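# Understanding the architecture of this molecule
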Amino acid sequence: MLIGIVVGNVWATRKEDSLNGLKLMVVQRLDLAHNKLAESFVAVDCVGAGIGERVLITTGSSARKALYNQESPVDAAIVGILDQEEMMGKKPESD
Amino acid sequence: MLIGIVVGNVWATRKEDSLNGLKLMVVQRLDLAHNKLAESFVAVDCVGAGIGERVLITTGSSARKALYNQESPVDAAIVGILDQEEMMGKKPESD
Amino acid sequence: MLIGIVVGNVWATRKEDSLNGLKLMVVQRLDLAHNKLAESFVAVDCVGAGIGERVLITTGSSARKALYNQESPVDAAIVGILDQEEMMGKKPESD
Amino acid sequence: MLIGIVVGNVWATRKEDSLNGLKLMVVQRLDLAHNKLAESFVAVDCVGAGIGERVLITTGSSARKALYNQESPVDAAIVGILDQEEMMGKKPESD
Amino acid sequence: MLIGIVVGNVWATRKEDSLNGLKLMVVQRLDLAHNKLAESFVAVDCVGAGIGERVLITTGSSARKALYNQESPVDAAIVGILDQEEMMGKKPESD
């Protein structure tokens, strides 16, 4: 799974029916030091994430396993809001 | 899912039968500031997108979930036309 | 799906049985201006493509949908031979 | 599969239910000479790996095959702890 | 599918049970001129490949189609040993 930060929301009036009601959030990938990377993409929020929160994102067909309707054409889902980490050589941190 | 802009159409007289009738659009990826990135690919249009429109693209096996015939050899589908966005630190925008 | 040009064929006497009879073509990816990119890979030809032809390639598990035997370990398939395109700001072209 | 080194753990109090009880480890990819690469991601530990260990990681839908609950939205799993290798032109090594 | 060269073997005493008995080979990707690229990964050998041989590798869920036990958490498999190629503008070659 990828670590990213939520940087926005997008809306599409004309979209696939099965995407109706899903929150489409723009996520930017983070490196290990929490710096933003260039890579960004859209993920369906499954855990009530907000803009600015550090999140865990599942991509590919596995993303659909986080959805109520697993027949939706979704390839990225926010599956966790990160609030604690322990990294090699650093004191455990909490967001 | 990826954010891109539709930049063209391609046609293939000789192609897999199950691709018949599908609109094959050339999409170029956009970054968060709506700049075109080098990466381009072909996606099946599922929502009536036109050239120049900013679109939401699902890739991988999940793309087939947007198709009437999910047995088609398709790995990218346009599933939304983006018309509104709200980005961290910027006023919400509409296309 | 990706746009590429067929640049060769490869053969493997010792290979997975279910690959027998499949034409393994070497494809090089093209950018929007039809320039060759560094990325190359092997795809199973499903439409009778020849060396030098511009082709449409499906990758991932969706590629198997183009095969007679969908149980073959194949992750890329040539599913169309491109013969016409219309790009933003350019007159429609035919190959 | 990818070769990486475990560099940390992350926790998410708010997360997908089916991720409960799974150990989420931060992994950094290694090159052939065991140098750390920039790419890092989160994988579910399935073999009792610890921080600093060199591990084998399966990604994509295949990662779910390593889980007790294959319906979890997981796209990366640690499936082995590497303890021996033999590389072209070098004496076999054990970790 | 990718073209690569086998550059080594890895072993993991502690690993997923369903990986037992599978030969884990380290593969480095090759470009069209047979030069080694930086990208390396581990693939399960399904055709008796040896170190130094040029091989065909299937990745993603399609890789599992080459395995006896398709429930194994495997995302890359060696499915052919390349012994002949014909490239645009070059005389056909045999390894």
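Sequence order as written defines the numbering, with residues in each chain counted from 1. Numbering of ligands from 1 and lettering of chains from A proceed in the order in which they are written. Local features in a predicted model are, by the rule used here, given only for residues with pLDDT of at least 70; side-chain atom pairs are given and counted only at 80 or more, and totals for whole chains, interfaces and linings are based on all residues. Hydrogens and water are ignored here; the side-chain numbers use all heavy atoms of the structure.

### A few points about the relation of the copies chain C and chain B
Convention followed: Here the copies were fitted onto each other by least squares, based on C-alpha atoms from residues at pLDDT of at least 70 in both. What makes two residues a contact is simply this: any of their non-hydrogen atoms within 4.5 Å.
Once chain C has been moved 0.0 Å along the axis and rotated by 72°, it coincides with chain B to within an RMSD of 0.0 Å. With respect to symmetry, the two chain copies, as superposed, fit the operation of a five-fold axis. Looking at the interface residues of chain C, only 7% of them are also at the interface in chain B, so each copy uses its own face.

### Re the interface of chain D and chain A
Quick note on the threshold: A quick way to say it: buried area is the sum, across both parts, of accessible area lost when two parts are put together, with a 1.4 Å probe. Every case where a carboxyl oxygen of Asp or Glu lies within 4 Å of a side-chain nitrogen of Lys or Arg is listed as a salt bridge. N or O atoms within 3.5 Å of each other form a polar contact, as long as, within protein, one can give a hydrogen and the other can take it, and as long as residues adjacent in sequence are counted only when both atoms are side-chain atoms. Strands are runs of DSSP state E lasting at least two residues, helices are runs of H or I lasting at least four, and both sets are numbered from the N terminus onward. Amino acids are sorted into nonpolar (Ala, Val, Leu, Ile, Met, Phe, Trp, Tyr, Cys and Pro), charged (Asp, Glu, Lys and Arg) and polar (every other residue, Gly among them). For two strands to be treated as a pair, DSSP must find at least two bridges joining them.
Of the residues lining the interface, 35 residues belong to chain D; the matching set on chain A comes to 29 residues. Both faces combined, the contact of chain D with chain A buries some 2500 Å², and carbon together with sulfur accounts for 55% of it. When the buried surface of chain D facing chain A is broken down by residue, Trp 11, Arg 14 and Asp 75 of chain D rank first, second and third, together holding 26% of it. Taken together, chain D and chain A are joined by 1 salt bridge. The closest approach of N and O atoms between Lys 65 of chain A and Glu 71 of chain D, which form a salt bridge, is 3.0 Å. Applying the counting rule to chain D against chain A returns 17 residue pairs in polar contact (both at pLDDT 80 or more). Among the secondary structure elements, those contributing two or more residues to the side of chain D that touches chain A are strand S1 (2–11), strand S2 (14–15), strand S3 (24–30) and strand S4 (36–45) of chain D. Among the residues forming the side of chain D that touches chain A, the class breakdown is 17 nonpolar, 10 polar and 8 charged. Relative to S2 of chain D, strand S6 (residues 76–81) of chain A is paired through 2 bridges, and the arrangement is antiparallel. What sits directly across from Gly 80 of chain A, in S2 of chain D, is Lys 15 of chain D.

Geometry only, nothing functional implied.
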